[in-house]
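# Overview (structure and organization)
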Number of protein chains: 2
Amino acid sequence: MSSRRREYRSHPVGSAHNYHAVVRQPTLQDVADRAGVHRATASRALNPATRHLVNGETADRVERVAQSLGYRPNPIARSLKTARSSSIGLVIPDLTNPLFPPIARGIEDVLGSIGYNAWIVNTDNDPVREAAAVESMRGRSVEGFIFATARLAHPLLDQLVSQGSPLVLVNRRTARSDISSVTADDAAGVAQAMRHLVELGHSRIVHLAGPQGLSTGVNRLRAFRQALTDHGLPSGAERTVICQSWTEAAGAVGIASLLDAGVDFTAVLAGNDLLAVGCYNELAARGVSCPDDVSVVGFNDMPFVDKLNPPLTTARIPHYELGAEAARMLLEDLRMPQRPPRTVLLPPSLIVRGSTAPPKTRNGAGRRRSR
Amino acid sequence: MSSRRREYRSHPVGSAHNYHAVVRQPTLQDVADRAGVHRATASRALNPATRHLVNGETADRVERVAQSLGYRPNPIARSLKTARSSSIGLVIPDLTNPLFPPIARGIEDVLGSIGYNAWIVNTDNDPVREAAAVESMRGRSVEGFIFATARLAHPLLDQLVSQGSPLVLVNRRTARSDISSVTADDAAGVAQAMRHLVELGHSRIVHLAGPQGLSTGVNRLRAFRQALTDHGLPSGAERTVICQSWTEAAGAVGIASLLDAGVDFTAVLAGNDLLAVGCYNELAARGVSCPDDVSVVGFNDMPFVDKLNPPLTTARIPHYELGAEAARMLLEDLRMPQRPPRTVLLPPSLIVRGSTAPPKTRNGAGRRRSR
DNA sequence: GAGGGTGACGCAATCGATTGCACGTATCAT
DNA sequence: ATGATACGTGCAATCGATTGCGTCACCCTC
């Protein structure tokens, strides 16, 4: 029996005898020695895919030894040899944006169930940081990527696709349709919200659109225009304003510009909840009441928007499920690289709260708010 | 010149010529070949710590070649040999709890500045998941851990300490004081909040304490009692109730039990913002007005508590800085393992908003709220 | 009984970087 | 001229697991 080892220590992990001593983890060689086989055989015995290559009894013996030593394969050594890592890269703009943690949890829960995990990086939407992060992750042999940072034009993603990296977009898409993605069905969400407003009696509706470099921004804007047409409502360009970012401040600026331009409206469809909150701020500052004077609808159903004054009506997006679906899709792609790109849309659901009400009629008589 | 390689390919990374082809990253051997030196020499030339061992001109040449090939050291191979990984493990209960993302960002920003990164895992406060996650991270040779899940009694942490793993606790501590930690100065935060209430004129104050298995829960409760004593206020045991979790629901149950028991109070110090929101819910449900009938103070200054009705007065905890400090401390411990455990307290700051006001006087005449 | 097939296992290369050791050469003192 | 010293570099082992290939024993068949 040949061995590369000088010694063998019992009490491999966390033994009380080794107080304040760092204990060496047992290696495959240790297992092989104990079982009286070559480490190649031990490797095959412990790998379900190759177990049939070794005698049943031997395999059992190896397995028992591995068990008793508490052997854990070293993922680093494995990665070095196999160029796989049981991990994927998750690229998000900013963890402190409440949109993304549920997505990350959805992804992690699905990956975790089969022993994979996600390597999370924040890019703050900085392409340089993003490229560096991706490079670093590739160095660590991540097997694929999930991007939540997609812009409509996104050279880095083009590059990854052309290099054949398994890749799934979540929450946002690029202009290309040949990249797998899991997003909310924005058109459906907008349609629901608009139907709600129309049914309440609104006909003069405006839209605070998000940045037009992102799929969510353009899709919601497009769906808004479509909805105006569908309901036969006035749809002049002055009824939409494009906000420069998904922030409260941008929302306030956006609604202010509409008010200052004298646009006549009784309801606002905001591109997301933060823009809606910006509306709240600006409306309150100007003494305009929500929902009495203006109804507001948001998008996302962020935490705590049900506690606002008034509670925000919003199209809830199933972020956790978005993440979970994206993870499942990426895993499928890893197993079957030939699968074609797929686009998955998950349905939003309109959560009606206190920020939407029937409009006051022109003469001020106003229908009462139903409840 | 000996080479292990069969071939050498130019256009190493992301070249337009290799459309749809996975390109091999250049290795140290490639660099060495090109520079006409042994890979050992190339390794030394590229490592700042060993660069002095090689001739200056040779080192420059190697560096230029490495640059031109776009050589990136393979972190996996490096980790295998050195048992270091330039990464640390971050153990948190749940990423979707808004407390933790800022901590994580603080950590990542500090680590990132020196090429380290954090491996984030969620445990949902499940010791089994936690142990599995730690085991998995150790397998990946993380160099240390930051725990945000510390319970007062925490066997896993004891084990890690006894094994000599570099370890820093953030936000929460254990009962042991010989583990490095970075937390908010809860006593100071409570003292500020209590002083604020007393200055407003409150004398009958109650406390919704958090779970007593966590340092934050006990520290804030202890500080509350101390403050009552300091201000000469009534401090019977009936003035505190211990909530089973840091949740809205638990907060509602807690305040309900005080009201039902007929405890007489004009102000509530909640153990954190979620408990405070639970108060809001329950008080509103019973027609008790905040702040007119009861003032409420929270803890943390979570996102959006400034948008509540009324906006919540709360002790802001600098979570980002907590994370950043913890990361710095861990890095120090990695460089100088002999450094003793340190306890760092960061000061909270009281953010006064609309949920606190002078109490109505007993006969109902009530001082007007100052502004 | 020689040839061929099969199952079980070992050998050794390999993944890519790091590092202790030793060798060769240049320099300098004696 | 010889020995000591320092410096620069190469050799090869090493980290731990995986895997193509070869070998050996055994059994079957003609």
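Predicted model only: the values in this text are computed from it and were never measured. (Residues numbered from 1 in each chain as written. Chains lettered and ligands numbered in written order. Predicted model: local features only at pLDDT ≥ 70, side-chain atom pairs only at ≥ 80, totals over all residues.)

Our next topic: unusual backbone geometry. Residues and elements named next belong to chain A. Following C290, the chain continues into P291 via a peptide bond in cis, with omega recorded as 5°. Structurally, P291 can be placed in the loop between α11 (273–285) and β9 (295–300). N309 connects to P310 through a cis peptide bond whose omega is -5°. Within the secondary structure layout, P310 lies in the loop between β9 and β10 (313–316). (Helix = DSSP H or I, 4+ residues; strand = E, 2+ residues; numbered from the N terminus.)

With that settled, the discussion passes to the nonpolar core. Counting residues in hydrophobic clusters, the biggest one holds 179 residues, and the most contacted among them are A:I107, A:I146, A:V268, B:I107, B:I146 and B:V268. With residues up to four places along the chain from it excluded, the contact list for A:V268 reads A:V206, A:L208, A:I255, A:C279, A:V294 and A:V296. Of all hydrophobic cores here, the second largest spans 13 residues; its members include B:A35, B:A45, B:V54 and B:V62. (Core = buried A, V, L, I, M, F, W, Y, C linked by C-beta atoms within 7 Å. Buried ≥ 20, exposed ≤ 12 C-beta atoms within 10 Å, placed from the backbone. Contact = placed C-beta atoms within 7 Å.)

Let us look at the relation of the copies chain A and chain B. Overlay of chain A on chain B (RMSD 0.1 Å): rotation 180°, translation along the axis 0.0 Å. What we have between these two chains is a two-fold relation. Both copies contact each other with a shared surface, as 100% of the interface residues of chain A are interface residues in chain B too. (Least-squares fit on C-alpha atoms with pLDDT ≥ 70 in both.)

All right, on to the sheet that holds strand β5 (residues 181–184) of chain B then. All names here are of chain B. Here we have 6 strands laid out as an open sheet, ordered β2-β1-β3-β4-β5-β11, and parallel in their pairing. Each end of this open sheet is capped by a strand with a single partner; those strands are β2 (117–122) and β11 (343–346). Here the strands of the sheet are splayed against their neighbours by 20° on average, with no regard to which way each runs. As paired strands, strand β4 (residues 167–170) and β5 are joined by 2 bridges and run parallel to one another. Of the residues in β5, the one forming a bridge with V170 is V182. On the sheet, helix α12 (residues 319–335) packs against β1 (87–92), β3 (145–147), β4, β5 and β11 and is oriented at approximately 170° with respect to β4. (Pairing = 2+ DSSP bridges. Axes fitted to C-alpha atoms, helices over the stretch in contact; angles between N-to-C directions.)

Near DNA strand D there are 27 residues, and of these A:L28, A:A40, A:A77, B:H38 and B:A40 occur at the shortest range. Looking at the surface near DNA strand D, the elements that each hand over two or more residues are α1 (28–35), α2 (39–46) and α4 (75–82) of chain A together with α2 (39–46) and α4 (75–82) of chain B. It is α4(A) that provides the largest number of residues to the surface near DNA strand D, a total of 5 residues. (Near = placed C-beta within 6 Å.)

Time to look at the protein's contact with DNA strand C. Taken together, 27 residues are adjacent to DNA strand C, and A:H38, A:A40, B:T27, B:L28 and B:A40 come closest. Among the secondary structure elements, those contributing two or more residues to the surface near DNA strand C are α2 and α4 of chain A together with α1 (28–35), α2 and α4 of chain B. No other element matches α4(B), which puts 5 residues into the surface near DNA strand C. Grouping the amino acids of the surface near DNA strand C by side-chain chemistry returns 10 nonpolar, 11 polar and 6 charged. (Nonpolar A, V, L, I, M, F, W, Y, C, P; charged D, E, K, R; others polar.)

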